Amino acid sequence: MFKRFMIAGALALTATTAFGATFAEMDSNNDGKVTRDEYFGTISDWGTYSDWDSNGDGLINQSEFDAAPFDGDYVYWDYNNDGYLDSYEVYNGLYATYDDNDDGYWENGEWHDFDDAGLKN
Ligand SMILES: [Ca+2]
Ligand SMILES: [Ca+2]
Ligand SMILES: [Ca+2]
Ligand SMILES: [Ca+2]
């Protein structure tokens, strides 16, 4: 996880379009947790995947992944092992990375880790 801080610093200039929502905005039923459904419902509206797909081929390759404002394990996120990340693989990988206690929800403390990574405006 040490790379998070390096990446947040290196990409501060390019992260302006991503994740411009607060925890409360994502938590649409206000139960203090952001489920995958709530997360997918908001993240897909922001067009972040296309921001990261710099060559516009609809897939994230290794170099696009390295340039994106988040940390993760590219090989681990690539569930179908085709060498690229589609939007589901990216969003699902992000969600799993920041769900530190693996309970299937984002709670506020976990969201702060997400925020610290430079993903939120
Ligand atoms: Ca909720
Ligand atoms: Ca691409
Ligand atoms: Ca894949
Ligand atoms: Ca959690």
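Everything quoted here is computed from the prediction, not taken from an experiment.

Trainee: Quick question: what am I supposed to make of the coordination of the calcium ion (ligand 3) here?
Mentor: Between any two of four tetrahedral donors, the ideal angle at the metal is 109.5 degrees; between two of six octahedral donors, it is 90 or 180 degrees. Within the first shell, the calcium ion (ligand 3) binds the protein through Asp 78 (OD), Asn 80 (OD1), Asp 82 (OD), Tyr 84 (O), Glu 89 (OE) and Glu 89 (OE), at distances of 2.2 to 2.6 Å. The coordination sphere of the calcium ion (ligand 3) comprises six donor atoms, whose angles at the metal cover 52 to 156°; the geometry is irregular. Donor residues for the calcium ion (ligand 3), ordered by position in the chain, follow D-x1-N-x1-D-x1-Y-x4-E. Remark: Glu 89 occurs in helix α7 (residues 87-98) and Asp 78 occurs in the loop between α6 (74-77) and α7; sequence separation between them is eleven residues. Glu 89 matches Asp 78 in its accessibility class, with the two residues each being buried.

Trainee: Would you mind showing me how to read α7 here?
Mentor: The α-helix advances 3.6 residues per turn, and as a result positions three or four apart in sequence lie on the same side. Helix length check: α7, at twelve residues, gives a terminal C-alpha distance of 17 Å against a target of 16 Å (1.5 Å per residue), a fit within 8%. Within α7, nine of the twelve residues are buried, leaving the element largely enclosed by the surrounding structure. Along α7, the residues classified as buried are Glu 89, Val 90, Tyr 91, Asn 92, Gly 93, Leu 94, Tyr 95, Thr 97 and Tyr 98.

Trainee: Quick question: what am I supposed to make of the confidence of the model for the protein here?
Mentor: In low-pLDDT regions, the fine details of the predicted coordinates are not to be read closely. With 69% of its residues at a pLDDT of 70 or more, the protein has an overall mean of 77. Counting contacts from residues 1-18, a segment whose pLDDT is below 50, to residues more than four positions away or on other chains yields 31 contacts.

Trainee: Mind showing me how you'd approach the packing of aromatic side chains here?
Mentor: Note on aromatic pairs: each is described by the distance of the centres and the angle between the planes. Taken as a whole and assessed by the stated rule, the structure comprises ten aromatic pairs. When the ring of Tyr 39 is compared with that of Phe 40, the centres are 5.2 Å apart and the planes differ by 55°; the resulting orientation is tilted. Here Phe 40 falls in the partly exposed class, since its relative accessible area comes to 22%. Ring centres 5.2 Å apart and planes at 85° place the aromatic pair Phe 65 and Trp 77 in the edge-to-face group. With a gap of twelve residues between them, Phe 65 in helix α5 (residues 62-67) and Trp 77 in helix α6 connect regions that are remote in the sequence. On the basis of relative accessibility, which here comes to 4%, the residue Phe 65 falls in the buried class. By relative accessible area, which is 2% here, Trp 77 ends up buried. Ring pairs connect the aromatic residues Tyr 39, Phe 40, Tyr 49, Trp 52, Tyr 88, Tyr 91, Tyr 95 and Trp 106, which therefore count as one cluster.

Trainee: So what exactly am I meant to see when it comes to the coordination of the calcium ion (ligand 1) here?
Mentor: Each protein donor to the calcium ion (ligand 1) is listed here as Asp 27 (OD), Asn 29 (OD1), Asp 31 (OD), Lys 33 (O), Glu 38 (OE) and Glu 38 (OE); together their distances run 2.2 to 2.4 Å. One way to put it: the six donor atoms around the calcium ion (ligand 1) meet at angles of 54 to 156°, and that makes the site irregular. On the accessibility criterion, Lys 33 (30% relative accessible area) is partly exposed.

Quick notes on the rules
- Sequence order sets the numbering: in each chain, residues are counted from 1 along the sequence as written.
- Each chain takes a letter, starting from A, and each ligand takes a number, starting from 1, following the order in which they are written.
- Restriction of local features to residues with pLDDT of at least 70 applies here, the model being predicted, together with a cutoff of 80 or more for giving and counting side-chain atom pairs; totals for whole chains, interfaces and linings are based on all residues.
- In computing side-chain properties, one takes all heavy atoms of the structure into account and sets aside hydrogens as well as water.
- A 2.8 Å cut-off from the metal defines N, O and S donors, relaxed to 3.2 Å for Na, K and Ca; water is not in the atom list, so some sites may appear incomplete.
- Every geometry call rests on angle ranges, with four donors termed tetrahedral when all angles are between 85 and 135 degrees, four termed square planar and six termed octahedral when opposite donors are over 155 degrees apart and all others are between 65 and 115, and everything else termed irregular.
- Only DSSP runs of H or I reaching four residues or more are called helices, and only runs of E reaching two or more are called strands; each is numbered from the N terminus.
- Think of it in three bands: residues with accessible area under 20% of the maximum for their type are buried, residues over 50% are exposed, and the middle band is partly exposed, with areas taken using a 1.4 Å probe on protein chains only.
- One less than the residue count of a helix, multiplied by 1.5 Å, gives the span that helix is expected to have.
- Residue-level confidence of the predictor, termed pLDDT, takes values from 0 up to 100.
- When checking whether two residues touch, look at their non-hydrogen atoms; a contact exists if any pair is within 4.5 Å.
- Whether two aromatic rings pair depends on their centres lying within 6.5 Å, for rings of Phe, Tyr and Trp, where Trp uses its six-membered ring; planes under 30 degrees apart make the pair stacked, over 60 edge-to-face, and the rest tilted.

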